[in-house]
Amino acid sequence: MGERDEPGTIGRRVQQLRVERGLTQKQLAEPVYTPAYVSTLEAGRVRPSDEALRHLADRLGVAFDELATGRSARLVTELHLRLTEAQRTLAVGEAEAAVEQYAGLLAEAEAHGLAEEQAAALLGLGECALETGELVEGRQYFERAEARLAGAPLPARVPALRGRAVAHYLAGELRYAVYLLESAIDELNRGGLHDPDALLLLYASAIGPYMDMGAHARAAQAAEFALALAPQSGDPALVARMHRSVARTLLAEGRLAEADASLAKAAELYRGLHLRTELANCHWMRGYVYAQNGELGRAEEELREALAMLSAKRASLYSSQVTVELADVLHRRGSSQEAEALLEDVLGGLSPERGAVHAAAAHRLLGIIAEDARRAEQAEEHYVRAMSLLERAGAAGDLADLCRLLGDLLRRTGRVEAALDAYRTGLGHRTAPGTTTLGPAPAQPPV
């Protein structure tokens, strides 16, 4: 027997609908049941069977679910339609408008006790918060979404879990973000839950924190798996729009099951569109690898491709991160003036609470550019700011390198004691290139 209201609530609902339709208890009961049974049911003194509820629903002209739970099937379908509309709004970068849509949907879903729809609205609000850089609020929305889905299988909970991990990552909590993502990946793969969409989300989201922690081999492998899992679609936005239009037509004709199926296809495609941000991380990773190998032309091409996938209206934090990497490549190619302009612009959108590691990277690179231009005081200021950010984020490898840069600068300007202090600090953070204190890699998917 599925989820349903208490007998008293169902009884009152049956009585209300019967009276509204002008039926007597005898007319409602015939030909299968007796008026006495209907009277007992309306009084809430009996728990009706599914067969009895189906008979009563048919006589009252309502759906079984509506009689058993008070939730109109049409209402649920209309909520699903509005959820896909909100997903579309977010997918095209209108985060503020999407917030209003999701907030309205959440209130309505809560009023009708619809847990899955509540989780979907909370997930949408969390994604909007990530877009606008409100990381604490975003994490709280994702936590609430996970709570609503506590009894659901892991693949259904992955989008909320991934959102929480990304919020921690963007706040500079790298190791905890990796722990969340790798734990979910391991559970999916070891448990045989090879859900491509869930795995794609997790692998693509792990690339950023891997790179910032110096786990370059894991980042490269995650990018390889993500690209192998990525769904292929010619024009998902167009197909999704078609499914939304079809759903409206079906809904108007009362064909609710078919409308729901069409909306499910549209929602899947909009999720795919949102993965555009995740797949941009893969191009970012490739650009980083090319840059490390000295293939600067190919690196610039991949990083510009990543930025093109992150339109001006959306994913501002991700765009900022990729811009820092691009500026590094441009500087190395001799375009320091363009690199400096990009970095100064991007720092306006980064802070200790929003993209700390990349804010530090921006200050580090600005320090190098200033030092090349013989602006020693300005270079030192940027290095010190970068060190403060990295200490909070726990990016040990980057800290060791930064201490070396600062020490070299201080030594060249005649401040030997200060230089020695910087070197000593750097030795305390020193790690071998590409190593971290991460545990064993998670189980691999059958890709």
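Residues numbered from 1 in each chain as written. Predicted model: local features only at pLDDT ≥ 70, side-chain atom pairs only at ≥ 80, totals over all residues. Heavy atoms only, no water.

- The protein chain carries the name Tetratricopeptide (TPR) repeat protein in an unreviewed UniProt entry, which gives Streptomyces griseoloalbus as its organism.

1. Quick notes on the environment of alanine 226
- Within the secondary structure, alanine 226 is located in helix α13 (residues 216–229).
- Spatially, the C-alpha atom of alanine 226 lies 9.1 Å from that of proline 196, the residues being 30 residues apart in sequence.
- Setting aside anything within four residues of it in sequence, one finds alanine 226 in contact with Leu200, Tyr203, Ala204 and Cys282. (Helix = DSSP H or I, 4+ residues; strand = E, 2+ residues; numbered from the N terminus. Contact = heavy atoms within 4.5 Å.)

2. A closer look at the packing of aromatic side chains
- Applying the stated rule across the entire model yields three aromatic pairs.
- An angle of 20 degrees between the planes, with centres 5.1 Å apart, marks the rings of tyrosine 33 and tyrosine 37 as stacked.
- Tyrosine 33 sits in the partly exposed class, given a relative accessible area of 23%.
- Look at tyrosine 203 and phenylalanine 225: their rings are 5.0 Å apart centre to centre, the planes differ by 50 degrees, and that puts the pair in the tilted class. Taken together, the positions of tyrosine 203 in helix α12 (residues 196–212) and phenylalanine 225 in helix α13 put the pair 22 residues apart, joining distant regions of the chain.
- Overall, tyrosine 203 belongs to the buried group, its relative accessible area being 5%.
- Assessed through its relative accessible area of 8%, phenylalanine 225 is described here as buried.
- Note that arginine 54 overlies the ring of phenylalanine 64, its terminal NZ or CZ placed 4.7 Å from the centroid. (Phe/Tyr/Trp six-rings, centres within 6.5 Å; stacked < 30°, edge-to-face > 60°. Buried < 20%, exposed > 50% of the residue type's maximum accessible area, 1.4 Å probe, protein only. Lys NZ or Arg CZ within 6 Å of the ring centre and 35° of its normal.)

3. Topic: unusual backbone geometry
- Here the residue pair glutamate 30 and proline 31 is connected by a cis peptide bond, since its omega of 0 degrees sits within 30 degrees of zero.
- Among the secondary structure elements, proline 31 is positioned in the loop between α2 (25–29) and α3 (35–42).
- Its identity as a non-glycine residue notwithstanding, arginine 374 has a phi of 65 degrees, on the positive side.
- Assignment of secondary structure puts arginine 374 in the loop between α19 (356–372) and α20 (376–393).

4. Side note on the side chain of threonine 89
- Inspection of the secondary structure puts threonine 89 in helix α6 (residues 73–91).
- On the basis of relative accessible area, threonine 89 is assigned to the buried category, the value being 3%.
- Side chain to side chain, threonine 89 and glutamine 101 meet in a polar contact 2.7 Å long.
- In this structure threonine 89 touches Glu94, Ala97, Ala98 and Gln101, once residues within four positions along its chain are discounted. (Polar contact = N/O pair within 3.5 Å; in protein donor to acceptor, adjacent residues only side chain to side chain.)

5. Focus: empty space enclosed by the protein
- One pass over the full model with this rule turns up three cavities of 30 Å³ or more.
- In this model, the largest cavity occupies a volume close to 80 Å³.
- The wall of the largest cavity is formed by Ile185, Tyr203, Tyr210, Arg218, Gln221, Ala222, Phe225, Ala441, Pro442, Ala443 and Gln444.
- Looking at the lining of the largest cavity, the elements that each hand over two or more residues are α12 and α13.
- For the lining of the largest cavity, the element with the most residues is α13, which contributes four residues.
- For the lining of the largest cavity, the class distribution of residues is eight nonpolar, two polar and one charged.
- Forming the walls of the second largest cavity are twelve residues, and the residues nearest its centre are Val166, Tyr169, Ser205, Asn281 and Tyr318.
- Sort the elements by how many residues they give to the lining of the second largest cavity and α12 lands first, with four residues.
- Taken together, the residues that form the lining of the second largest cavity break down as six nonpolar, four polar and two charged. (1 Å grid on protein atoms, 1.4 Å probe; cavity = no way out; pocket = protein on both sides within 12 Å on 5 of 7 lines; lining within 4 Å. Points joined across faces, edges and corners; volume = space filled by probe spheres on them. Nonpolar A, V, L, I, M, F, W, Y, C, P; charged D, E, K, R; others polar.)

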